[in-house]
Amino acid sequence: MTPPAHTSPLPPDGALAELAASCAACRRCGLAAGRTHVVVSRGNPRARLMVIGEGPGAQEDASGLPFVGRAGQLLDQMLASVGIDSQRDAYIANVVKCRPPDNRKPTPEEMAACRPWLAKQIELVNPAVILLAGATALEGVLGVKGGITKLRGQWRAGEGEGLEGRWLMPIFHPSYLLRNPSREKESPKWHTWQDLKEVRRRLDGEGRP
Ligand code: URA
């Protein structure tokens, strides 16, 4: 973003490395058996914006980094279109940190097993704004099922479970946007652009609920 929003204090020394090591050793659910890498995060742990997606795909599993495949490239482009650099201005993670087979949606049990890791990430990074990319992120983080078409673009004030004082914004998942590439007015991509402009406004305004 311009100017860079590196304003949050760094998480305590070693805390993120410790978290990554704990995740690498995690066997809390069956997804551990099929993984190449545990995919914890990329981006800036001092960013005031956190992006949460569903879970790693093939490229993320192979590289150990979230959102590096086609969906990730689109996410980066869309963030850049509102002046947000995904490496400098955002911290990116997923609801589950191991790849579900055949890219299926993670089960509620898998999401619950992985939840403490995500909760720790939120605590350490302390983002003011959280972007929930897709229905699974909305479900995994806020427990709200379905209705991403209706719920996207609406701010939610975080409540409980380490979310107090944060603003959360559900958006369409970039994989959905890859399948719906139109940029016409009222298209999913157009709506996502409006949502991201709103996120940018919130980040610029320092607002907290
Ligand atoms: N989709 C996600 O939700 N997360 C990733 O890391 C990659 C694709």
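Residues numbered from 1 in each chain as written. Predicted model: local features only at pLDDT ≥ 70, side-chain atom pairs only at ≥ 80, totals over all residues. Heavy atoms only, no water.

Digging into the pairing of strand β2 (residues 49-53)
Now for step 1: The element β2 is extensively covered by neighbouring structure, given that five of its five residues are classed as buried.
Now for step 2: Alternating residues of β2 divide into L49, V51 and G53 and M50 and I52, and every residue in both groups is buried.
Now for step 3: Here β2 runs beside strand β3 (residues 90-94); their pairing, made up of five bridges, is parallel. Residue pairing for β3: L49 is matched across the bridge by A90.
Now for step 4: Judged from the four bridges that link them, β2 and strand β4 (residues 129-133) form a sheet pairing that is parallel. The residue of β4 that forms the bridge with L49 is V129. (Buried < 20%, exposed > 50% of the residue type's maximum accessible area, 1.4 Å probe, protein only. Helix = DSSP H or I, 4+ residues; strand = E, 2+ residues; numbered from the N terminus. Pairing = 2+ DSSP bridges.)

Concerning the nonpolar core
Now for step 1: L49, I52 and L131 are the most contacted members of the largest nonpolar core, which totals 52 residues.
Now for step 2: Among the elements that line this core, the one with the most residues is helix α4 (residues 108-125), at six residues.
Now for step 3: In contact with I52, not counting residues within four places along its chain, are A93, N94, V95, L118, I122, I130, L131, L132, A133, A137 and V141. (Core = buried A, V, L, I, M, F, W, Y, C linked by side-chain atoms within 4.5 Å. Contact = heavy atoms within 4.5 Å.)

Examining helix α1 (residues 15-24)
Every α-helical turn comprises 3.6 residues, leaving residues that sit three or four positions apart pointing alike.
Now for step 1: Buried within α1 are the following residues: A15, L19 and C23. The arc that holds every buried residue of α1, seen down its axis, measures 75 degrees, which confines them to one face. For α1, the exposed residues set more than 90 degrees away from the buried face come down to A17 and E18.
Now for step 2: At its buried positions, α1 is contacted by α4. (Arc of directions from axis to C-beta.)

Observations regarding helix α5 (residues 135-142)
Now for step 1: A large share of α5 lies buried, amounting to six of its eight residues.
Now for step 2: Packing partners of the buried residues in α5 comprise β2, α4, β4, α6 (148-151) and β6 (167-171).
Now for step 3: Looking one or two places after α5, you find G143, whose phi comes out positive at around 75 degrees.

Comments concerning the pairing of β3
Now for step 1: In terms of burial, β3 is a largely internal element, five of the five residues being buried.
Now for step 2: Side chains of β3 alternate between two faces, with A90, I92 and N94 and Y91 and A93 buried alike.
Now for step 3: Pairing of strand β1 (residues 42-43) with β3, which is carried by two bridges, proceeds in the antiparallel orientation. Within the sheet, the bridge partner assigned to R42 lies in β3 and is I92.

Describing the sheet that holds β6
Now for step 1: Here we have six strands laid out as an open sheet, ordered β1-β3-β2-β4-β6-β5, and mixed in their pairing. The sheet is open, and its two edges are formed by β1 and β5 (156-157), each paired on a single side.
Now for step 2: Here α5 sits on the sheet in contact with β2, β4, β5 and β6, set at roughly 130 degrees to β4. (Axes fitted to C-alpha atoms, helices over the stretch in contact; angles between N-to-C directions.)

Comments concerning the site of the ligand
Now for step 1: Taken together, G53, E54, G55, E60, P66, F67, N94 and H173 make up all the residues around the ligand.
Now for step 2: F67 places a polar main-chain atom, nitrogen or oxygen, 2.9 Å from an oxygen atom of the ligand.
Now for step 3: Isolated, the ligand exposes 240 Å² of accessible area, and the fraction of that covered by the protein chains is 92%.
Now for step 4: For the shell around the ligand, the residue count by class is two nonpolar, four polar and two charged. (Near = heavy atom within 4 Å. Polar contact = N/O pair within 3.5 Å; in protein donor to acceptor, adjacent residues only side chain to side chain. Areas by Shrake-Rupley, 256 points an atom, 1.4 Å probe, with all protein chains shown as cover. Nonpolar A, V, L, I, M, F, W, Y, C, P; charged D, E, K, R; others polar.)

Comments concerning unusual backbone geometry
Now for step 1: In the Ramachandran plot, F67 falls in the positive-phi region, its phi being about 50 degrees despite a non-glycine side chain.
Now for step 2: Locating F67 in the fold gives a position in the loop between α2 (58-63) and α3 (70-81).

Here's the deal with the packing of aromatic side chains
The description of an aromatic ring pair rests on the distance of the ring centres and on the angle between the ring planes.
Now for step 1: According to the stated counting rule, one finds two aromatic pairs in the structure shown.
Now for step 2: Both rings, one in W155 and one in W167, keep their centres 5.9 Å apart while their planes meet at 65 degrees; by these two values the pair is edge-to-face. Of this pair, W155 sits in the loop between α6 and β5 while W167 sits in strand β6, and the two are 12 residues apart along the sequence.
Now for step 3: Lying over the aromatic face of W117, R28 brings its terminal NZ or CZ to 4.1 Å of the ring centre.
Now for step 4: Lying over the aromatic face of W167, R202 brings its terminal NZ or CZ to 3.8 Å of the ring centre. (Phe/Tyr/Trp six-rings, centres within 6.5 Å; stacked < 30°, edge-to-face > 60°. Lys NZ or Arg CZ within 6 Å of the ring centre and 35° of its normal.)

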